Amino acid sequence: MKNCTITLTLAGCLALFGCQSASMTGGRPGEFGCIAGTVGGAVVGGLAGATIGSGTGQLWAVGGGAVLGSAAGSALTCTR
């Protein structure tokens, strides 16, 4: 069951990445990389959190992993 959940989560994330336009008109030059890094970090952090604990603790681990992953992805890819 866990492999099915991870597979569906990854498929959903890939579907959302397909909706993102790579066009740079009207936006900052590195905006696409910033969005992709932040979302990718959240996905990886959430999946890492899903492997930890069980029950309510696992839910907190997924949320914390997603938050920390998005912060790390944003810090690595977004230039200001």
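Computed from a prediction, not measured in an experiment: that's the story for all the values here.

Some remarks on the state of the cysteines
At step 1: Under the defined criterion, the tally for this structure stands at one disulfide.
At step 2: Paired by a disulfide, Cys34 and Cys78 hold their sulfur atoms 1.7 Å apart. Here Cys34 and Cys78 share a disulfide; its torsion about the S-S bond, 85°, makes the bridge right-handed. Of the two residues, Cys34 sits in helix 2 (residues 31-50) while Cys78 sits in the segment after helix 3 (56-77), which places them 44 residues apart along the sequence.
At step 3: In this structure Cys34 comes out as buried when scored by relative accessible area, which is 13%.

Description of the confidence of the model for the protein chain
Note that predicted coordinates carrying low pLDDT should not be read in detail.
At step 1: A residue-level look at the protein chain finds 61% of positions with pLDDT of 70 or above and a mean pLDDT of 75.
At step 2: Looking at the elements of the protein chain, mean pLDDT is at its lowest for helix 1 (residues 2-19), recorded as 63, and at its highest for helix 3, recorded as 87.

Looking at the environment of Gly41
At step 1: Tracing the chain through its elements places Gly41 in helix 2.
At step 2: Classification of Gly41 as buried rests on a relative accessible area of 14%.
At step 3: Distance in space between the C-alpha atoms of Gly41 and Leu68 is 8.0 Å, their sequence separation being 27 residues.
At step 4: Discounting residues that sit within four places of it in the chain, Gly41 has contacts with Gly69 and Ser70.

Some remarks on helix 2
At step 1: Taking 1.5 Å per residue as the helical rise, helix 2 with its 20 residues ought to reach 28 Å, and the 29 Å between its terminal C-alpha atoms agrees with that figure.
At step 2: Within the span of helix 2, buried status applies to Cys34, Gly37, Gly41, Val43, Gly45, Gly46, Leu47, Gly49 and Ala50.

Describing the UniProt feature "domain: Glycine zipper 2TM" (unreviewed entry) in the protein chain
At step 1: The sites that UniProt annotates as "domain: Glycine zipper 2TM" (unreviewed entry) are residues 36-75.
At step 2: Between the end C-alpha atoms of residues 36-75 there is a gap of 12 Å, over a span that is 88% helix and 0% strand.

Some words on the packing of helix 2 against helix 3
At step 1: Across the interface, helix 2 lies against helix 3 with an axial gap of 6 Å and an inter-helix angle of 150°. Here helix 2 is positioned roughly antiparallel relative to helix 3, judged by the angle of their axes. The handedness of the crossing between helix 2 and helix 3 is right-handed. Where helix 2 abuts helix 3, its residues Gly33, Cys34, Gly37, Thr38, Gly41, Ala42, Gly45, Gly46, Gly49 and Ala50 lie against Gln58, Ala61, Val62, Gly65, Ala66, Gly69, Ser70, Gly73, Ser74 and Thr77.
At step 2: Class assignment of the residues belonging to the contact of helix 2 with helix 3 gives a composition of six nonpolar, 14 polar and no charged.

Procedures and definitions
Residues numbered from 1 in each chain as written. Predicted model: local features only at pLDDT ≥ 70, side-chain atom pairs only at ≥ 80, totals over all residues. Heavy atoms only, no water. Disulfide = S-S within 2.5 Å. Helix = DSSP H or I, 4+ residues; strand = E, 2+ residues; numbered from the N terminus. Buried < 20%, exposed > 50% of the residue type's maximum accessible area, 1.4 Å probe, protein only. pLDDT = per-residue confidence, 0-100. Contact = heavy atoms within 4.5 Å. Expected span 1.5 Å × (residues − 1). UniProt positions renumbered as here; feature names shortened; annotations may be inferred. Axes fitted to C-alpha atoms, helices over the stretch in contact; angles between N-to-C directions. Parallel < 35°, antiparallel > 145°, perpendicular 65-115°, else oblique. Left-handed = near helix turned anticlockwise from the far one by under 90°. Nonpolar A, V, L, I, M, F, W, Y, C, P; charged D, E, K, R; others polar.

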